[in-house]
Amino acid sequence: MSVVGFDIGNENCVIAAVKQRGIDVLLNDESNRETPAVVSFGEKQRFLGSAGAASATMNPKSTISQVKRLIGLSYSHPDVQNELRLLPYATSQAPDGSILVHLQYLGENRTFTPVQIIAMLFSHLKQMAEKNLETVVSDCVIGIPAYFTDLQRRAYLHAAAIAGLKPLRLLHDCTATALAYGIYKTDLSHGSPINVVFVDIGHCDTQVSVVSFEAGQMRTLSHAFERSLGGRDFDEVLFNHFAQQFREEYKIDVYASVKASTRLRAACEKLKKVLSANAEAPINIECLMDEKDVKGFIKREEFEKLAAYLLERITNPCNKALADAGLGVDNIHSVELVGSGSRVPAIMRLLAALFKKEPGRTINASECVARGCALQCAMLSPIFRVRDYEVQDCFPFSVGFSSDEGPICTLSNNLLFPKGQPIPSVKILTFHRINMFRLDAFYADPSELPSGLSPKISSFRIGPFHVSAGGKPKVKVRVALNLHGIVVVESAYLLEEELDDSVTSSDKVEPEFCSESDMPCNGAENGAKAESVHIAAANSSERRASGVDGMQRVRSRRLEIPVSETIFGGMSKAEVSEAQEKELQLAYQDRMMEQTKDKRNALEAFIYETRNKLFDIYGSFCTDVEKEEISKSLLETEEWLYDDGDDESEMVYTSKLEQLKKIVDPVENRFKDEEARHHVTKLLLNRIVDYRTSVKSMANCDRDAVINECKKAEQWLREKMHLQDALPKNCDPVVWSSEIKKRMEVLDATCRLLMRSETSPQRQGDTRPADLSDIS
């Protein structure tokens, strides 16, 4: 078993694995540390990762990328509509309001959800990890943006389950980066903590977190984000600039061509990287559109002016993160800048001016999230031993609960899990109910969410349950904000109190323990009647006992209550199982196609290799008739392969290869046996010499018997070799090397038996059989 960390970016993916000597970033088949987050559908198979990216330019409408921006969102969401304008593949709205991706596969129109596409990427990364580590990969930790809602987090868990993975935790990107940064810090004192701001400017978003470090622990104080501000937005500035320039100069409309747009965006991304290290840079693209070569030129200063409105937005999440953490710029020890979009020099200058200190780049900008996830996975897994280090993350949204009788609140506020709540967290709610009821979870402050998202999370039905007559029922519900940042009702049970007449006054009674948060709520700010419940910490004592007239005691009966969950927009277990079956079918089809390609390549290689050998090393081992027949068969098969046989099944290629081998094997066998025969002949002659030398001290009768056997073997070999030497090489040999080997085995068996019978009387008590290897 092994543990890994996955960073599924909008553009690229990174896999990190924990090994005995540290953390390694795994390489893909192209020996790259980053793998494109691309799935491309060919006519008969999928191309994932690097292979998918290679197909993007030639087959853009069947190549799906940047799907991370679509997962867990509705089709009508404004951000989704903006995304779809930039994406070349076809989409539509599903009956439940989610997104469907349309494409052609195996000659049919197919539809896939973003969750299924992410699952394909997970499956591909899982195969890469297992190939690198040579072991099964199941346990993992996955990096996610802090702004992911409950539905998006569940979608990631479903995608991982479809791919056969077991996520131990969904870890916020900046928290993973902070872990990869802080666990190796050795300069932390046991005094006051140091506060570090992590700014992650990715391909499509910007995330900022303030993290407090102390010796042996880290605590995330706040998360802030700008969901639609990343490196690709700077690429889009260059794309629009040059699209307008080429329209005026070359009279071409890049926006009208999907392929031209894809090529220009790729060139602008490279241009941005060049401008990060140079004051100016050119752009040249051959045959961009209408068979026209285009070229352009831009200075870094001009680029920064074009992107000024984007640069201004970067300060927003930085200021918000500081405010939520309750810290000023003077309280920040250092700033760490990471992410694939962080290489623009203007961003460095902007952050330096804001935080009054130069941003650091001490950790790998592209690999830090995957490394942090791998570390967290090792900490959570029982198979690895990691030094004690406490990781405390916080939740960026406020979560409230309500029942069918009104909102549920605490004395301090109207929220069950306020913004900044550490995760995981558990609360126990106490209700006085006699029949089934419902709890609804929601985001209490919609302004904290990315724009356009519904505040609804999920609904929980508690029950049914039965209350006995005369009892005093209490229903205790255990509500959790778990490690993934998902709101769940872990359990519910009924407590009924009954008078026990068998208890006398001599029995001890214990007082009821109640913390400050156990008091019932008095109301809600919105004026609705609040639910009368008790809210207690998860580790609070649940001991309940009291006396009645000093003679009776209250006896409690506990009964587990079923809990059913309804997720607004989520996948059911049946849908997840169906998606798993589809993924297995797709993976099987991919394997079959790869095996077919291997067989086709093997047939093609055999044709060229045999043709070269036929006029070289095989030349003297085949007759003219055989040579003509083999050449004709090779030519016919080659013509078939490049004409009618370009797209055949694995069985057909295997059959063609076997037919060719059938006529080539006699020639190949003669060639191979020539060398093998010389080798085994030499061995037999050396064996005869060894036996003749080793029997000098034996009795006459046994010695003569061994010498006679050697003489027979030598005479047989010389007769066979005399006949063989007179035979042409293009004929089957008189004696094959296997026959000579068998004759040597017979000689060994006979001589060893004779020599063993000679030596056994002379060595009393030694019953070991003689061995030829003991003879010098």
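Refer to the structure presented above.
Worth saying up front: this structure is predicted, and the values here are computed from it rather than measured.

## So, the packing of helix α12 (residues 573–614) against helix α13 (residues 624–642)
Here's step 1: Where α12 contacts α13, the two axes come as close as 10 Å, and the packing angle between them is 150 degrees. With respect to the hand of their crossing, α12 and α13 are arranged in left-handed fashion. Residues R600, L603, E604, I607, Y608, T610, R611 and L614 of α12 touch α13, and the partners they reach there are K627, I630, S631, L634, L635, T637, E638, W640, L641 and Y642.
Here's step 2: The residue makeup of the contact of α12 with α13, split by class, is 10 nonpolar, three polar and five charged.

## Regarding the nonpolar core
Here's step 1: Counting residues in each nonpolar core, the largest one holds 89 residues, and the members touching the most others are F122, Y156, F401, I462 and V477.
Here's step 2: Tallying contributions element by element places helix α3 (residues 114–133) first for this core, with 11 residues.
Here's step 3: The residues contacting Y156, other than those within four sequence positions of it, are I8, K68, I71, I118, F122, I142, G143, I144, F148 and L170.
Here's step 4: Formed by 48 residues, the second largest nonpolar core is a distinct cluster that contains I201, A243, M289 and V344.

## What to know about the side chain of R69
Here's step 1: Along the polypeptide, R69 turns up in the loop between β7 (63–65) and α2 (78–86).
Here's step 2: Residue class for R69 comes out buried when judged on its relative accessible area of 2%.
Here's step 3: Within the structure, R69 has its side chain in polar contact with the side chain of S228 (distance 3.0 Å).
Here's step 4: Look past the residues within four positions of R69 in its chain and what remains in contact with it is N10, E83, Y147, C204, R227, S228 and R232.

## Brief notes about the state of the cysteines
Here's step 1: In total, this model carries zero disulfides according to the counting rule given.
Here's step 2: Just so you know, C377 is unpaired, no disulfide at all, and the nearest cysteine sulfur is the one on C140, 6.3 Å from it.
Here's step 3: For C377, a relative accessible area of 0% gives the class buried.

## Overview of helix α10 (residues 345–355)
Here's step 1: Buried within α10 are the following residues: P345, A346, I347, M348, L351, A352 and F355.
Here's step 2: The inward-facing, buried residues of α10 contact β13 (194–201), α6 (231–250), α7 (258–277), α8 (300–306), α9 (308–325) and β18 (334–338).
Here's step 3: Immediately beyond the C-terminal end of α10, within one or two residues, lies K356, with a positive phi of roughly 60 degrees.

## So, the packing of helix α14 (residues 650–694) against helix α15 (residues 700–725)
Here's step 1: Two elements in contact, α14 and α15, have axes separated by 10 Å at closest approach and are oriented at 155 degrees. It follows that α14 is roughly antiparallel to α15 by the angle criterion. Crossing of α14 against α15: the hand is left-handed. Residue-level contacts link R677, T681, L684, L685, I688, Y691 and R692 of α14 to V706, C710, K711, A713, E714, L717, M721 and Q724 of α15.
Here's step 2: Here the residues of the contact of α14 with α15 are counted per class, giving nine nonpolar, two polar and four charged.

Here is what the cut-offs are and how they apply
Throughout this description, residue numbers start from 1 for each chain and increase along the sequence as written. Two thresholds apply to this predicted model, a pLDDT of at least 70 for residue-level local features and 80 or more for giving and counting side-chain atom pairs, whereas whole-chain, interface and lining totals are computed over all residues. Note that water and hydrogens are dropped before the side-chain values are worked out from all heavy atoms of the structure. Inter-axis angles, ranging from 0 to 180 degrees, are taken between N-to-C directions of lines fitted to C-alpha atoms, where helices are fitted over the stretch in contact. Secondary structure elements are taken from DSSP: a helix is a run of H or I of four residues or more, a strand is a run of E of two residues or more, and numbering for both begins at the N terminus. It is the rotation of the near helix from the far one that decides the hand of a crossing: anticlockwise by less than a right angle makes it left-handed, clockwise makes it right-handed. Residue contacts follow a heavy-atom distance rule, with two residues in contact if any of their heavy atoms lie within 4.5 Å. As a working rule, the residues Ala, Val, Leu, Ile, Met, Phe, Trp, Tyr, Cys and Pro are called nonpolar, Asp, Glu, Lys and Arg charged, and the rest polar, with Gly in that last group. Buried residues of nine kinds, namely Ala, Val, Leu, Ile, Met, Phe, Trp, Tyr and Cys, make up a nonpolar core once their side-chain atoms join them within 4.5 Å. Burial classes: relative accessible area under 20% of the type maximum marks a residue as buried, over 50% as exposed, and values in between as partly exposed (1.4 Å probe, protein chains only). Any pair of N or O atoms that falls within 3.5 Å is considered a polar contact. Within protein, one atom must be able to donate a hydrogen and the other to accept it, and sequence-neighbouring residues count only if both atoms are side-chain atoms. When two cysteine sulfur atoms lie within 2.5 Å, the pair is treated as a disulfide. Should an angle lie under 35 degrees it is considered roughly parallel, over 145 roughly antiparallel, and from 65 to 115 roughly perpendicular; all remaining angles are considered oblique.

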